[in-house]
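Here is what each chain is made of, one letter per residue.
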Amino acid sequence: MKVFVAAAVAAGLLSAAPAFANMELAKAKNCLTCHSVDQKLVGPAYKDVAKKYAGDKGAADRLAEKIQKGGSGVWGQMPMPANPVTPEEAKTLANWVLSLK
């Protein structure tokens with residue numbers, strides 16, 4: 001029983017860490033210069049992105065690619081520049097954005 005409780009506590013701590021870590025990654029990569037979690041700035045709010053792509057199984061891959069390469073036209077005419085992130089960082093950021101509610 002002690003092992004089960006310890007494992008449950010550890011799992012809870014680990015599950016809370018990604019949300020914080022991904023916000024920190026977004027800050028480190030200057031994503032929050034143009035985006036915020038819950039309000040439109042230059043680009044859309046991350047919660048609006050999550051809502052738009054809810055249930056879209058391929059969204060994380062497409063968003064990760066857009067994070068890396070940039071793009072325009074989906075959220076208006078203001079282009080999003082390419083970002084200096086690794087493919088893994090881009091995927092982490094995309095999954096984090098899509099997890100926001």
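Quantities reported herein were computed from a predicted structural model and do not represent experimental measurements.

A. Representation of the side chain of Ser 36. Checked against the element boundaries, Ser 36 lands in the loop between α1 (2-28) and α2 (46-52). Ignoring any residue separated from it by four or fewer positions in sequence, one finds Ser 36 in contact with Leu 41, Pro 44, Ala 45 and Tyr 46.

B. Summary view of the packing of aromatic side chains. The final tally for this structure, using the stated rule, is one aromatic pair. Between the aromatic rings of Tyr 46 and Trp 96, the centroid separation amounts to 5.5 Å while the plane-to-plane angle is 70 degrees, which identifies the pairing as edge-to-face. On the criterion of sequence distance, the pair formed by Tyr 46 in helix α2 and Trp 96 in helix α4 (residues 87-99) is long-range, its members being 50 residues apart. Over the ring of Trp 75 we find Lys 52; its NZ or CZ atom is 4.8 Å from the centre of that ring.

C. Up close: the pattern of salt bridges. Considering all chains together, one arrives at five salt bridges under this definition. The shortest N-O distance in the salt bridge between Arg 62 and Asp 56 comes to 2.3 Å. A residue is classified by how much of its surface remains accessible, and Arg 62, at 43% relative accessible area, is partly exposed. Of the charged contacts, one joins Glu 65 and Lys 69 as a salt bridge, the two residues approaching to 3.2 Å between their closest N and O atoms. Note that Glu 65 and Lys 69 are positioned in helix α3 (residues 59-69) at a spacing of four residues, about one turn of the helix.

D. Highlighting the environment of Ser 99. Along the chain, Ser 99 falls in helix α4. Taking C-alpha positions, Ser 99 is 6.7 Å from Ala 50, a pair spaced 49 residues apart along the chain. Polar contacts involving the side chain of Ser 99 include one to the main-chain carbonyl oxygen of Trp 96, which spans 2.6 Å.

Definitions and limits used
Residues numbered from 1 in each chain as written. Predicted model: local features only at pLDDT ≥ 70, side-chain atom pairs only at ≥ 80, totals over all residues. Heavy atoms only, no water. Helix = DSSP H or I, 4+ residues; strand = E, 2+ residues; numbered from the N terminus. Contact = heavy atoms within 4.5 Å. Phe/Tyr/Trp six-rings, centres within 6.5 Å; stacked < 30°, edge-to-face > 60°. Lys NZ or Arg CZ within 6 Å of the ring centre and 35° of its normal. Salt bridge = Lys/Arg side-chain N within 4 Å of Asp/Glu carboxyl O. Buried < 20%, exposed > 50% of the residue type's maximum accessible area, 1.4 Å probe, protein only. Polar contact = N/O pair within 3.5 Å; in protein donor to acceptor, adjacent residues only side chain to side chain.

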